[in-house]
Amino acid sequence: QVQLVESGGGWVQPGGSLRLSCEASGSIFSINSMGWYRQAPGKQRELVAAITSDGSTNYADSVKGRFTISISRDNAKNTVSLQMNYLKPEDTSVYYCNTRSIYFDAWGQGTLVTVSS
């Protein structure tokens, strides 16, 4: 199994920046991908960005050019970060960290991002 601990999030004005981080510990050797999803009230959860073990990335069209996903690794943990720039009110949502392997599909507890003036 794997444990996920999210950090970051909060309130920011339109045009501002935030950085989300998610630390994965436990059975990290088997991780195939890590990513961020978001879910706004009344909407389905959607992929924001993901990165695979070989470094390939995938972004939602709505965040391309504004968000950057990255990953760092050490023996004890993998950390996936999402740098969010030029934030818009429509980016307001609860953001969830996700990690997958052939053994698990794990989710973080979610962190709220609010973009408003």
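Look up: the structure comes first, before these words.
Now for a look at the structure at hand. Note that the coordinates shown come from a computational prediction; the quantities given were computed from them, not determined experimentally.

## Quick notes on the overall build of the protein
A tally of regular secondary structure across the protein gives zero helices and 11 strands. Across the protein, helices and strands are ordered from the amino to the carboxyl terminus as β-β-β-β-β-β-β-β-β-β-β. The C-alpha atoms of the protein give a radius of gyration of 14 Å, which matches the 13 Å a tight globule of 117 residues would have. Overall size of the protein, expressed as C-alpha extent along the three principal axes, is 40 × 25 × 20 Å. Contacts in the protein between residues far apart in sequence, at least 24 positions, make up 55% of those at least 6 positions apart. For the protein, the accessible area works out to roughly 6200 Å², and carbon and sulfur atoms hold 48% of it. For the protein, the distance from the average site of its 10 positive side-chain charges to the average site of its 9 negative ones is 3 Å.

## Here we look at the state of the cysteines
Disulfide: a covalent bond formed between the sulfur atoms of two cysteine residues. The tally for this structure, following the rule as stated, stands at one disulfide. Here C22 is linked by a disulfide to C97, with a sulfur-sulfur distance of 2.1 Å. Every disulfide takes its handedness from the sign of the S-S torsion; for C22 and C97 that torsion is -80°, giving left-handed. Placement of C22 in strand β3 (residues 18-26) and of C97 in strand β9 (residues 93-100) is noted, with a sequence separation of 75 residues between them.

## Re the pattern of salt bridges
Scanning the model with the defined rule gives six salt bridges in all. Measuring nitrogen to oxygen at the nearest pair gives 2.7 Å for the salt bridge that ties R66 to D91. Here R66, found in the loop between β6 (57-59) and β7 (67-73), pairs with D91, found in the loop between β8 (77-84) and β9; they are 25 residues apart in sequence, far enough to count as distant. Neither R66 nor D91 differs from the other in exposure class; each is buried. A salt bridge links D74 to K77; the nearest nitrogen and oxygen atoms lie 3.2 Å apart. In this structure K77 comes out as partly exposed when scored by relative accessible area, which is 27%. Here the salt bridges share partners, and the residues they tie into one network are R38, E46, R66 and D91.

What counts and what doesn't
- Residues numbered from 1 in each chain as written.
- Predicted model: local features only at pLDDT ≥ 70, side-chain atom pairs only at ≥ 80, totals over all residues.
- Heavy atoms only, no water.
- Helix = DSSP H or I, 4+ residues; strand = E, 2+ residues; numbered from the N terminus.
- Rg over C-alpha atoms; globule rule 2.2 N^0.38 Å.
- Contact = heavy atoms within 4.5 Å.
- Areas by Shrake-Rupley, 256 points an atom, 1.4 Å probe, with all protein chains shown as cover.
- Lys, Arg positive; Asp, Glu negative; His and termini not counted.
- Charge placed at Lys NZ, Arg CZ, Asp CG, Glu CD.
- Disulfide = S-S within 2.5 Å.
- Salt bridge = Lys/Arg side-chain N within 4 Å of Asp/Glu carboxyl O.
- Buried < 20%, exposed > 50% of the residue type's maximum accessible area, 1.4 Å probe, protein only.

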